[in-house]
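The lines below spell out each chain.
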Amino acid sequence: MQITEKNVFPIFEAIAGSKLYGTDGPESDTDWRGVVIPPVQVYFGTQRFEQIETKKPDRVLYAIDKAVKLVEACNPNMIELLYTPPQHVKFCHPHWQRMIDNRHLFLSKKARHTFSGYAFSQLQRIKLHLRWLGGPPTKPDRAAMGLNPHGSEFPEDHLKALSILPRELIREEDRERVRQELAYSAAIREWQDYQKWLKERNPSRLKLEQEYGFDLKHALHLVRLLRMGVEILTIGEVIVDRRGRDADELKAILRGSMTYDQIIAYAQDMDAKLGELYETSTLRHEPDHAGIEALLLSVFEEHYGIRVRRD
């Protein structure tokens, strides 16, 4: 059985991205995120299913078990599915409403790590793109790097394992070739990433990047994520709609209101603040795993008409 929208049961769908946060502009697309319950064969057969993705519009529908695991892990892009204001929700079935009604089970101090982690991934992209703007990478050449031009003698998935073997278990010349192969693999990945970036980047975004010297949209997301992390640890809420709060200030970042150095300093200061709040926050350290499992099982029981043993 091929899993498609025709044989899944939708239980939630809402606007996501900039139009949810209130940081959208005239050229912003509408993104959608949702949750579905797949046919029972997915859980009692050999079929596997995690999500359905479409482009134009950007839309992702997650299997309920994957969605719940990601929310439980306090994934910043998924925890918001429990806190999306009603005006941005296309529909919500009682199955997902049950998750929303029990969202206190999911929120934990993990937010300190996940929100700052996502924020600093934005910072790494800013730094990478800044480096590419200053000096675009060239396609690496195996022969020029002292490697066999016809390909590696080592399988790709063996390289990292070979690189950490004790010295007495691998000859020095082999160790050096492994090191060179890893360097080549890293270089070719960066070149491929650069080619993809060139192909997919938005022209207006590129113009801003060239004008201000770094990716302003990544900077916006960095600031938003760090602020949301602070809010979670202080008031125990995920405030996704930034209208009437700091949406205008965030949108101003796209107009160059913060310099690159200011972004770097802000990220460091906010990360330090998150570290302090982690120690004083009254949130639980971990989500209520048992409560969440019971909640998910109860949805499965009701939807599939089955009884799950809990002993």
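Given the structure is predicted, the values throughout are model-derived calculations rather than measurements.

**Quick word on the overall build of the chain**
Okay, step 1: Along its length, the chain carries 13 helices and five strands.
Okay, step 2: In terms of its C-alpha atoms, the chain occupies a principal-axis envelope of roughly 60 × 50 × 45 Å.
Okay, step 3: Expressed as a percentage of contacts within the chain between residues at least 6 apart in sequence, the contacts between residues at least 24 apart total 74%.
Okay, step 4: A total accessible area of about 17100 Å² is found for the chain, and carbon and sulfur atoms account for 52% of it.
Okay, step 5: Side chains of the chain give 45 positive and 46 negative charges; the mean places of these two sets differ by 2 Å.

**Side note on the pattern of salt bridges**
Okay, step 1: For the coordinates displayed, the defined rule picks out 16 salt bridges.
Okay, step 2: Between Glu-286 and Lys-110 there is a salt bridge, with its nearest N and O atoms 3.6 Å apart. Here Lys-110 lies in the loop between helix 5 (94–101) and helix 6 (111–134) and Glu-286 lies in the loop between helix 12 (260–280) and helix 13 (289–304), a separation of 176 residues in the sequence.
Okay, step 3: A single salt-bridge network, built from bridges that share partners, covers Arg-227, Glu-231, Arg-242, Arg-245, Asp-246 and Glu-249.

**Focus: the state of the cysteines**
Disulfides are covalent bonds that connect the sulfur atoms of two cysteines.
Okay, step 1: Tallied over the entire structure, the rule returns zero disulfides.
Okay, step 2: For the unlinked cysteine Cys-74, the closest cysteine sulfur is that of Cys-92, found at 19 Å.
Okay, step 3: Since its relative accessible area comes to 31%, Cys-92 is described here as partly exposed.

**A short note on the packing of aromatic side chains**
For any pair of aromatic rings, the description rests on two quantities: the centre-to-centre distance and the angle between the ring planes.
Okay, step 1: Inspection of every chain in the model, using the stated rule, returns eight aromatic pairs.
Okay, step 2: Judged by centre distance (6.3 Å) and plane angle (65°), the ring pair of Tyr-43 and Tyr-304 falls under edge-to-face. On the criterion of sequence distance, the pair formed by Tyr-43 in helix 2 (residues 41–44) and Tyr-304 in helix 13 is long-range, its members being 261 residues apart.
Okay, step 3: Using a relative accessible area of 27% as the deciding quantity, one classes Tyr-43 as partly exposed.
Okay, step 4: In this structure Tyr-304 comes out as buried when scored by relative accessible area, which is 19%.
Okay, step 5: Look at Trp-132 and Tyr-194: their rings are 5.3 Å apart centre to centre, the planes differ by 70°, and that puts the pair in the edge-to-face class. Remark: Tyr-194 occurs in helix 8 (residues 172–200) and Trp-132 occurs in helix 6; sequence separation between them is 62 residues.
Okay, step 6: Since its relative accessible area comes to 3%, Trp-132 is described here as buried.

**Side note on the side chain of His-218**
Okay, step 1: Examined against the element boundaries, His-218 turns out to sit in helix 10 (residues 216–235).
Okay, step 2: A relative accessible area of 7% places His-218 in the buried class.
Okay, step 3: At a separation of 2.7 Å, a polar atom in the side chain of His-218 contacts the side chain of Gln-122.
Okay, step 4: Residues contacting His-218, with those up to four places away along its chain left out, are Gln-122, Arg-125, Ile-126, His-129 and Arg-205.

**Focus: the packing of helix 6 against helix 12**
Okay, step 1: Contact pair helix 6 / helix 12: the axes reach a minimum separation of 11 Å and the direction vectors enclose 165°. On the basis of their axis angle, the class for helix 6 and helix 12 is roughly antiparallel. Helix 12 is crossed by helix 6, and the crossing has left-handed handedness. Within the contact between the two elements, helix 6 uses Arg-112, His-113, Ser-116, Phe-120, Leu-123, Ile-126, Lys-127 and Leu-130 and helix 12 uses Tyr-260, Ile-263, Ile-264, Ala-267, Asp-271, Leu-274, Gly-275 and Tyr-278.
Okay, step 2: Here the residues of the contact of helix 6 with helix 12 are counted per class, giving ten nonpolar, three polar and three charged.

Quick notes on the rules
- Residues numbered from 1 in each chain as written.
- Predicted model: local features only at pLDDT ≥ 70, side-chain atom pairs only at ≥ 80, totals over all residues.
- Heavy atoms only, no water.
- Helix = DSSP H or I, 4+ residues; strand = E, 2+ residues; numbered from the N terminus.
- Contact = heavy atoms within 4.5 Å.
- Areas by Shrake-Rupley, 256 points an atom, 1.4 Å probe, with all protein chains shown as cover.
- Lys, Arg positive; Asp, Glu negative; His and termini not counted.
- Charge placed at Lys NZ, Arg CZ, Asp CG, Glu CD.
- Salt bridge = Lys/Arg side-chain N within 4 Å of Asp/Glu carboxyl O.
- Disulfide = S-S within 2.5 Å.
- Buried < 20%, exposed > 50% of the residue type's maximum accessible area, 1.4 Å probe, protein only.
- Phe/Tyr/Trp six-rings, centres within 6.5 Å; stacked < 30°, edge-to-face > 60°.
- Polar contact = N/O pair within 3.5 Å; in protein donor to acceptor, adjacent residues only side chain to side chain.
- Axes fitted to C-alpha atoms, helices over the stretch in contact; angles between N-to-C directions.
- Parallel < 35°, antiparallel > 145°, perpendicular 65-115°, else oblique.
- Left-handed = near helix turned anticlockwise from the far one by under 90°.
- Nonpolar A, V, L, I, M, F, W, Y, C, P; charged D, E, K, R; others polar.

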